[in-house]
Amino acid sequence: MHYTGTIWRPPYEADSLLLEVTTGCTHHKCKFCTLYDDLPFKFRMSPIEDIESDLLETQILRYNPDSIMTSRLWGLSRPHPIRRVFLTGANPFVLKTDKLLEIAALIQKYLPSVESIGCFARITDSKNKTDEELINLRQAGYDKLTIGVETGDDAALSFMRKGYRSQDILTQCKRLEQAGIEYAFFYLTSISGKGKGESGAKASADIFNQLRPFLIGSNMLTIYPASELYQEIQNGNWEEEGELEKYRELRVLIENLNITTHFAAMGASNAFQFQARLPEDKEKLLKILDRIISRSDEAELRHYRKNLPHL
Ligand code: SF4
């Protein structure tokens, strides 16, 4: 299989086949981001021959009678059919519709058991597609995209150079909904900066409440020296929230959400990990956060974050 650099995927895509179709990010400008810094280029689409050869390799390994026999000899269970493919890269959904349809057709050709295709997407990726194209992509299997919207706070989106405004989140996600494409959000706790987290959380809840993300996953901002944001802090242009302040922000977000969704704080950036359904488990989540805020030690949480080698 072709895999280039660090491969990132959401926790809930653990059972999906990871297929490299792009590497890197077309935007590559967010001040806090170091995710694809290990690449010698900004963005690249994989040659279609590489994609096809990875699909063929998967088909052989998963379905070839010899492979099945080998698994039995090793005492392994018969491999399950592959139901979902996750396309790698920061935003493969930016590819032209024809290219995405060509990839979906190849997946069907080699792995007909696949029922859906997911990937990370930027809010701006659907701007270059018509409503009809989005419907065609849904029919070809594209569903449950993961979008790192980060926040609905326009000042933070602008300062961090995310490349869109909260109104774009509303417009593009409503278009996805109309096409029947489901999506999850990643929220970035602390993106608004010291003293502004709670108002940023309220602004975000206001945007999210007008949409239907099937999941809101929360990550906590962890600043690495290689990031532009680190430099902004050194220059006195931005201040990070304290660790307990981050949990107070998260509490405000959850308190103000009134949609039906799954809320998850998973992944290494969260010192405390939890997930629950909203709205039914809201009170339970708020109590968990109250306990974290009242019983945790700022210095210990800071120590945890400073020692995170990478996300
Ligand atoms: S869009 Fe995502 S991957 Fe690209 S620079 Fe921003 S945070 Fe990083």
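In the block above lies the structure referred to throughout.
As the structure is a computational prediction, the values presented were derived from the model and not from experiment.

Colleague: Would you mind going over the packing of aromatic side chains with me for this structure?
Modeller: Each aromatic ring pair is specified by the distance between its two centres and by the angle formed by the two planes. Taken as a whole, this structure holds 8 aromatic pairs when the rule is applied. Plain terms: the ring middles of Tyr183 and Phe185 are 5.2 Å apart, the flat faces sit at 35 degrees to each other, and that makes the pair tilted. No difference in accessibility class separates Tyr183 from Phe185, as the two residues are buried. Between Phe185 and Phe208 the ring centres are 5.0 Å apart and the planes differ by 40 degrees, which places this aromatic pair in the tilted class. Linking Phe185 in strand β7 (residues 183–189) with Phe208 in helix α7 (residues 197–208), this pair joins segments that are 23 residues apart in sequence. Considered together, Phe185 and Phe208 belong to a single accessibility category, that of buried residues.

Colleague: Just checking my understanding: could you explain the packing of helix α9 (residues 243–256) against helix α11 (residues 298–306) for this structure?
Modeller: Angle between the axes and distance between the axes: these two values describe a pair of packed helices. Remark: α9 packs on α11, axes separated minimally by 8 Å, with the N-to-C direction vectors making an angle of 90 degrees. Overall, the two elements α9 and α11 adopt an arrangement that is roughly perpendicular. Two secondary-structure elements touch here, α9 through Glu243, Leu244, Lys246 and Tyr247 and α11 through Glu298, Leu301, Arg302 and Arg305.

Colleague: Explain the site of the ligand here, please?
Modeller: Surveying the vicinity of the ligand reveals the residues Cys25, His28, Lys29, Cys30, Phe32, Cys33, Tyr36, Ala90, Arg122 and Lys162. Spatially, the ligand is embedded in the largest pocket. Here the residues of the shell around the ligand are counted per class, giving 6 nonpolar, 1 polar and 3 charged.

Colleague: What's the story with the side chain of Lys282 in this structure? I'm lost.
Modeller: Residue placement: Lys282 occurs in helix α10 (residues 282–295). Among buried charged residues, Lys282 stands out as having no salt bridge; its nearest opposite-charge side chain is Glu283, 6.4 Å away. The contact partners of Lys282, leaving out residues within four places of it in the chain, are Ile254, Glu255, Asn256, Leu257 and Arg277.

Colleague: Can you walk me through the packing of α9 against α10 in this structure?
Modeller: Remark: α9 packs on α10, axes separated minimally by 10 Å, with the N-to-C direction vectors making an angle of 165 degrees. Considering their axes alone, α9 and α10 lie roughly antiparallel with respect to each other. The element α9 and its partner α10 pack so that their crossing is left-handed. Two secondary-structure elements touch here, α9 through Leu244, Tyr247, Arg248, Leu250, Arg251, Ile254, Glu255 and Asn256 and α10 through Lys282, Leu285, Leu286, Leu289, Asp290, Ile292 and Ile293. A class-by-class count of the residues in the contact of α9 with α10 yields 9 nonpolar, 1 polar and 5 charged.

Colleague: Before we go on, may I ask you to explain empty space enclosed by the protein in this structure?
Modeller: Vacant regions in the atomic arrangement are exposed by a probe of water-molecule size rolled over the atoms. According to the stated counting rule, one finds 2 cavities of 30 Å³ or more in the structure shown. Estimated volume of the largest cavity: approximately 70 Å³. As for the largest cavity, its lining consists of Thr4, Thr6, Ile7, Trp8, Glu20, Thr22, Thr23, Gly24, Tyr36, Leu39, Thr88 and Gly89. Among the elements that line the lining of the largest cavity, the one with the most residues is strand β2 (residues 22–24), at 3 residues. Around the second largest cavity, the lining residues are Phe93, Ala121, Arg122, Ile123, Asp125, Ser126, Leu145, Ile147, Gln172 and Leu176. Elements with a contribution of two residues or more to the lining of the second largest cavity: β6 (145–150) and α6 (166–178). Here the residues of the lining of the second largest cavity sort into 6 nonpolar, 2 polar and 2 charged.

Colleague: Is there a simple way to explain the pattern of salt bridges in this structure?
Modeller: Note that side chains of opposite charge can pair when their charged atoms are close. Applying the stated criterion to the full structure yields 21 salt bridges. One salt bridge connects Glu20 with Arg44, and the closest N-O pair in it is separated by 3.8 Å. Taken together, the residues Glu20 in strand β1 (residues 17–20) and Arg44 in strand β3 (residues 43–45) connect sequence positions 24 residues apart. Residue Arg302 is joined to Glu243 by a salt bridge in which the shortest nitrogen-to-oxygen separation is 2.7 Å. Taken together, the residues Arg302 in helix α11 and Glu243 in helix α9 connect sequence positions 59 residues apart. Assessed through its relative accessible area of 30%, Arg302 is described here as partly exposed. Via salt bridges that share partners, Glu240, Glu243, Lys246, Arg302 and Arg305 belong to a single interconnected network.

Rules used in this analysis
- Residues numbered from 1 in each chain as written.
- Predicted model: local features only at pLDDT ≥ 70, side-chain atom pairs only at ≥ 80, totals over all residues.
- Heavy atoms only, no water.
- Phe/Tyr/Trp six-rings, centres within 6.5 Å; stacked < 30°, edge-to-face > 60°.
- Buried < 20%, exposed > 50% of the residue type's maximum accessible area, 1.4 Å probe, protein only.
- Helix = DSSP H or I, 4+ residues; strand = E, 2+ residues; numbered from the N terminus.
- Axes fitted to C-alpha atoms, helices over the stretch in contact; angles between N-to-C directions.
- Parallel < 35°, antiparallel > 145°, perpendicular 65-115°, else oblique.
- Contact = heavy atoms within 4.5 Å.
- Near = heavy atom within 4 Å.
- 1 Å grid on protein atoms, 1.4 Å probe; cavity = no way out; pocket = protein on both sides within 12 Å on 5 of 7 lines; lining within 4 Å.
- Sits in = over half its atoms within 2 Å of the grid points.
- Nonpolar A, V, L, I, M, F, W, Y, C, P; charged D, E, K, R; others polar.
- Lys, Arg positive; Asp, Glu negative; His and termini not counted.
- Salt bridge = Lys/Arg side-chain N within 4 Å of Asp/Glu carboxyl O.
- Left-handed = near helix turned anticlockwise from the far one by under 90°.
- Points joined across faces, edges and corners; volume = space filled by probe spheres on them.

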